[in-house]
Amino acid sequence: MKRTDYIEIHITGKKGVENLSLDNYDIAELKNILDVIVKLCPQIDKNDPLSLNIENGSVKQIFKGSKQRIAMFSTILSLVIGNPYLEDIEPQTALPIEELQKSAKTTGYTYSITTSMSNNPLVISPTTDYKRRESEWI
C-alpha cells in the first residue's frame, strides 16, 4: 500500500554566507529534527513506521506515515498555530516546539511545518516566540 499522507518540514536559512542546502546541512541538525518528530508523532504500533525522504529546496524533510498518525500530528499543529504561549498544550507536546524555537533563534533557520491534511503551515523562525508562560512552569 502506497502511503500518501505526510509531514513536511521545510527549513530555510543560511549556513555562514551560503544558503542552507543538503550539502551544508549537518547530520546533528537532522537528529534534532528526528527527535522532535518522534516526540510529536509517536508510533501507534510496530506496523506504523514513518519513512523519511530529504529533498533539496533549502532542506525539505518529508515524513510519510499512516493517515491516523498524520492526522494526530495535524491536530497538534492546529493547536499550536497562532498560540505562541502554547496554552492548552501538554508539556510533553510543548517541549519539542520550544526546542525548535530555540534552534530557530540559535541558527537563524525558519521551519515551516505542514502536513498533507493541513492548509496552514506552522512557521517557527527567529522572530517567532513559541514558549510556555512562566506561570505554567510553576
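Each remark here, short or long, concerns the structure printed above.
Only a predicted model underlies this, so the values are computations on that prediction, with no experimental measurement involved.

### Notes on the overall build of the protein chain
Across its full length, the protein chain holds 4 helices and 7 strands. The secondary structure elements of the protein chain, listed N-terminal to C-terminal, are β-β-β-α-β-β-α-α-β-β-α. The C-alpha atoms of the protein chain give 15 Å as radius of gyration, which agrees with the globular expectation for 138 residues (14 Å, within 12%). Along the three orthogonal principal directions, the C-alpha set of the protein chain runs to about 45 × 40 × 25 Å. Here the protein chain holds 138 residues, and the buried ones make up 37% of them. Sequence-distant contacts in the protein chain: of pairs separated by 6 or more residues, those separated by 24 or more amount to 66%. Working note: accessible area of the protein chain is about 8100 Å², and carbon and sulfur atoms make up 53% of it. Charged side chains in the protein chain number 16 positive and 18 negative. The centres of these two groups are separated by 3 Å.

### A few points about the environment of L40
Structurally, L40 can be placed in helix 1 (residues 27–40). Sequence spacing of L40 and H10 is 30 residues, and the spatial spacing of their C-alpha atoms is 17 Å. Dropping the residues within four chain positions of it, L40 is found in contact with F73, I76, T93, P96 and I97.

### Description of the side chain of E29
Looking at the secondary structure, you find E29 in helix 1. With residues up to four places along the chain from it excluded, the contact list for E29 reads K15, T107 and Y109.

### Observations regarding the nonpolar core
Ranked by size, the top nonpolar core spans 30 residues in total, and within it I7, I9, I11, I33 and Y111 carry the most contacts. Counting only elements with at least two residues in this core, the list comes to strand 1 (6–12), helix 1, strand 5 (59–64), helix 2 (67–80), helix 3 (91–107), strand 6 (110–115) and strand 7 (122–124). Each residue touching I7, except ones within four places of it in the same chain, is listed here: I37, C41, Q61, I62, F63, I70, F73, I113, T114 and T115.

### Let's talk about the pattern of salt bridges
Per the counting criterion, the structure on display carries 7 salt bridges. Taking the shortest distance from any N to any O, the salt bridge between K15 and E29 comes out at 3.0 Å. On the criterion of sequence distance, the pair formed by K15 in strand 2 (residues 14–15) and E29 in helix 1 is long-range, its members being 14 residues apart. Judged by relative accessible area, E29 falls into the buried class, the value being 16%. Residue D129 is joined to K131 by a salt bridge in which the shortest nitrogen-to-oxygen separation is 3.5 Å. The exposure class assigned to K131 is partly exposed, which follows from its relative accessible area of 39%.

What counts and what doesn't
Residues numbered from 1 in each chain as written. Predicted model: local features only at pLDDT ≥ 70, side-chain atom pairs only at ≥ 80, totals over all residues. Heavy atoms only, no water. Helix = DSSP H or I, 4+ residues; strand = E, 2+ residues; numbered from the N terminus. Rg over C-alpha atoms; globule rule 2.2 N^0.38 Å. Buried < 20%, exposed > 50% of the residue type's maximum accessible area, 1.4 Å probe, protein only. Contact = heavy atoms within 4.5 Å. Areas by Shrake-Rupley, 256 points an atom, 1.4 Å probe, with all protein chains shown as cover. Lys, Arg positive; Asp, Glu negative; His and termini not counted. Charge placed at Lys NZ, Arg CZ, Asp CG, Glu CD. Core = buried A, V, L, I, M, F, W, Y, C linked by side-chain atoms within 4.5 Å. Salt bridge = Lys/Arg side-chain N within 4 Å of Asp/Glu carboxyl O.

These results come straight from atomic positions and should not be treated as a statement about function.
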